[in-house]
Amino acid sequence: MSNFTINIQATNKPGIIKFETNKFLTRHENHEFKNIDEASKSPIAQQLFYLPFVKTVYIAQNFIAIEKYDIVEWDDVQEEVASQIEEFLNKGGVVVKEDTKDAKNVPVTVYAESTPNPGVMKFVANKKLVLKTAEFKNIDEAKDAPLAQQLFHFPFVKAVFIDSNYVSIHKYDVAQWEEITLELREFITNYLQDGKEVLKAEASVPQQTEAASHPANPEVSQEIKDLDDTSKQVIAILDEYIKPAVASDGGNILFDSYNADNKTVKVILQGACSGCPSSTMTLKSGIETMLRDMLRGKVDYVEAVNG
């Protein structure tokens with residue numbers, strides 16, 4: 001099992017820094033501690049209050065945020081704090097004791113949203129589900145994804161794609177959405193409300209997905225470093241301009257390869273994008289045109305395969 005790693009993120013408040021983790025710290029709870037007494041149920045927060053500049057500690061699903069007093073600048077201490085948090089977590093330190101009475105349990109809500117692909121429905125939750133995207137075509141592929149495994153028990157589920165806060169389900173034609181949407185929405189809601197695991201920490205995902213989503217991960221960053229400059233530029237463009245748009249439609253797009261000889265970029269379509277009737281038009285009128293314009297003379301064509 002991989003160790004915890006920390007990614008330092010600035011916020012819109014200069015006094016607050018987020019220390020994002022590559023694994024979940026809590027499932028449903030968000031916590032705010034103003035002093036060491038309030039943090040009696042959180043050993044990591046108590047430890048942080050021994051730092052004289054720590055004013056408030058916030059703990060969420062995949063980050064610890066700290067508000068500081070003005071006696072120091074974050075540039076001078078943030079690396080030290082990140083190292084301290086990382087060391088604490090990797091030694092198996094407890095983030096928040098399970099019997100805490102201070103937990104703010106947020107009821108889980110899930111709503112269904114149609115996508116451009118008539119065979120795919122997007123089920124959006126009010127909480128973060130995973131820290132890395134993953135797609136499963138059958139129950140065997142989903143051995144490390146308990147939620148996806150359960151969904152494959154429905155005979156009409158063809159494929160499952162899980163992203164940050166939603167699940168896209170590709171159905172077989174045997175069922176109509178109006179017949180099964182409510183059943184799926186209620187099942188996912190109850191599953192999440194029970195606090196069950198969505199994706200195991202050791203679950204394997206395509207390298208391209210993780211490389212694009214977690215550039216701060218040293219192992220993943222090395223994979224990107226090994227690519228040629230044009231490939232790196234393509235990944236950056238996909239991440240900044242394309243992925244947010246396709247994610248809103250319940251899908252994902254991954255960089256696969258770049259061929260300098262014929263100036264062709266190959267991408268992998270996931271979720272609602274996979275098998276979508278409008279994906280060809282999107283590729284030609286959107287992605288291909290953007291890459292041509294932004295990487296003049298380097299990219300002429302985009303090819304896509306379904307994930």
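Residues numbered from 1 in each chain as written. Predicted model: local features only at pLDDT ≥ 70, side-chain atom pairs only at ≥ 80, totals over all residues. Heavy atoms only, no water.

## Some thoughts on the overall build of the protein chain
For the protein chain, the helix and strand inventory stands at eight helices and 14 strands. Counting the 307 residues in the protein chain, one finds 47% classified as buried. Long-range contacts, defined as pairs at least 24 residues apart, comprise 61% of the intrachain contacts of the protein chain with a sequence gap of at least 6. (Helix = DSSP H or I, 4+ residues; strand = E, 2+ residues; numbered from the N terminus. Buried < 20%, exposed > 50% of the residue type's maximum accessible area, 1.4 Å probe, protein only. Contact = heavy atoms within 4.5 Å.)

## Overview of the pairing of strand 10 (residues 157–163)
For strand 10, the tally of buried residues reaches six of seven residues, placing the bulk of the element in the interior. Bridging between strand 9 (residues 134–136) and strand 10 involves three bridges; their strand directions are antiparallel. Paired with F136 across the bridge in strand 10 is V160. Of the strand pairs in this sheet, strand 10 and strand 11 (residues 166–171) are connected by six bridges, and their pairing is antiparallel. The residue bridging V160 from the neighbouring strand is I169, located in strand 11. (Pairing = 2+ DSSP bridges.)

## What about the sheet that holds strand 7 (residues 110–114)?
In any sheet, the strands associate via hydrogen bonds between backbone groups, in a parallel or an antiparallel arrangement. Sheet architecture is open: five strands sit in the order 7-8-11-10-9, paired in antiparallel fashion. Edge positions in the sheet fall to strand 7 and strand 9, since each has one partner strand and no second. Ignoring strand direction, the axes of neighbouring strands in this sheet form an average angle of 20°. Set on the sheet, helix 4 (residues 177–193) makes contact with strand 7, strand 8 (120–125), strand 10 and strand 11; between it and strand 8 the angle comes to about 30°. (Axes fitted to C-alpha atoms, helices over the stretch in contact; angles between N-to-C directions.)

## Brief notes about helix 7 (residues 229–248)
The end-to-end C-alpha distance of helix 7, which contains 20 residues, comes to 28 Å, matching closely the 28 Å that a straight helix rising 1.5 Å per residue would cover. Within helix 7 the residues assigned to the buried category are T230, S231, V234, I235, I237, L238, I242, K243, V246 and A247. Looking at where helix 7 begins, the residue whose side-chain oxygen comes 3.1 Å from the main-chain nitrogen of T230 is D228. Just downstream of helix 7 lies G250, where phi reads positive at about 85°. (Expected span 1.5 Å × (residues − 1). Polar contact = N/O pair within 3.5 Å; in protein donor to acceptor, adjacent residues only side chain to side chain.)

## Structural notes on the pattern of salt bridges
Counted by the stated rule, this structure contains nine salt bridges. The partner of K34 in a salt bridge is E32, and the shortest N-O contact between them spans 3.2 Å. For K34, a relative accessible area of 42% gives the class partly exposed. (Salt bridge = Lys/Arg side-chain N within 4 Å of Asp/Glu carboxyl O.)

## Let's talk about the confidence of the model for the protein chain
It should be kept in mind that the predicted coordinates are not to be read in detail where pLDDT is low. Chain-level pLDDT for the protein chain is 82 on average; 84% of the residues reach the 70-or-more range. At the level of individual helices and strands, the protein chain shows its lowest average pLDDT in helix 5 (residues 207–213), which scores 40, and its highest in helix 3 (residues 146–151), which scores 94. For the stretch residues 100–104, pLDDT sits under 50, and the model shows nine contacts to residues farther than four places along the chain or on other chains. For the stretch residues 205–222, pLDDT sits under 50, and the model shows 30 contacts to residues farther than four places along the chain or on other chains. (pLDDT = per-residue confidence, 0-100.)

## Here's the deal with the nonpolar core
Counting residues in each nonpolar core, the largest one holds 31 residues, and the members touching the most others are F136, L151, I169, L184 and L192. Sorting the residues of this core by element identifies strand 8, strand 9, helix 3, strand 10, strand 11 and helix 4 as the ones contributing at least two each. The element that contributes the greatest number of residues to this core is helix 4, accounting for six residues. Beyond its immediate chain neighbours, meaning those up to four positions away, L184 contacts F123, L151, F154, F156, V157, I169 and W177. One finds L48, V72, W74 and F88 within the second-largest nonpolar core, a separate group that totals 28 residues. (Core = buried A, V, L, I, M, F, W, Y, C linked by side-chain atoms within 4.5 Å.)

## Section: the sheet that holds strand 12 (residues 251–259)
In space, the three strands of this open sheet follow the order 12-13-14, with mixed pairing throughout. Each edge of the open sheet is held by one strand with a lone partner, namely strand 12 and strand 14 (301–306). In this sheet, neighbouring strand axes are inclined to one another by 25° on average, regardless of whether the strands run parallel or antiparallel. Across six bridges, strand 13 (residues 264–271) lies against strand 14 in parallel orientation. By the bridge assignment, V265 is partnered in strand 14 with V302. Docked against the sheet, helix 7 engages strand 12 and strand 13, running at close to 165° with respect to strand 12.

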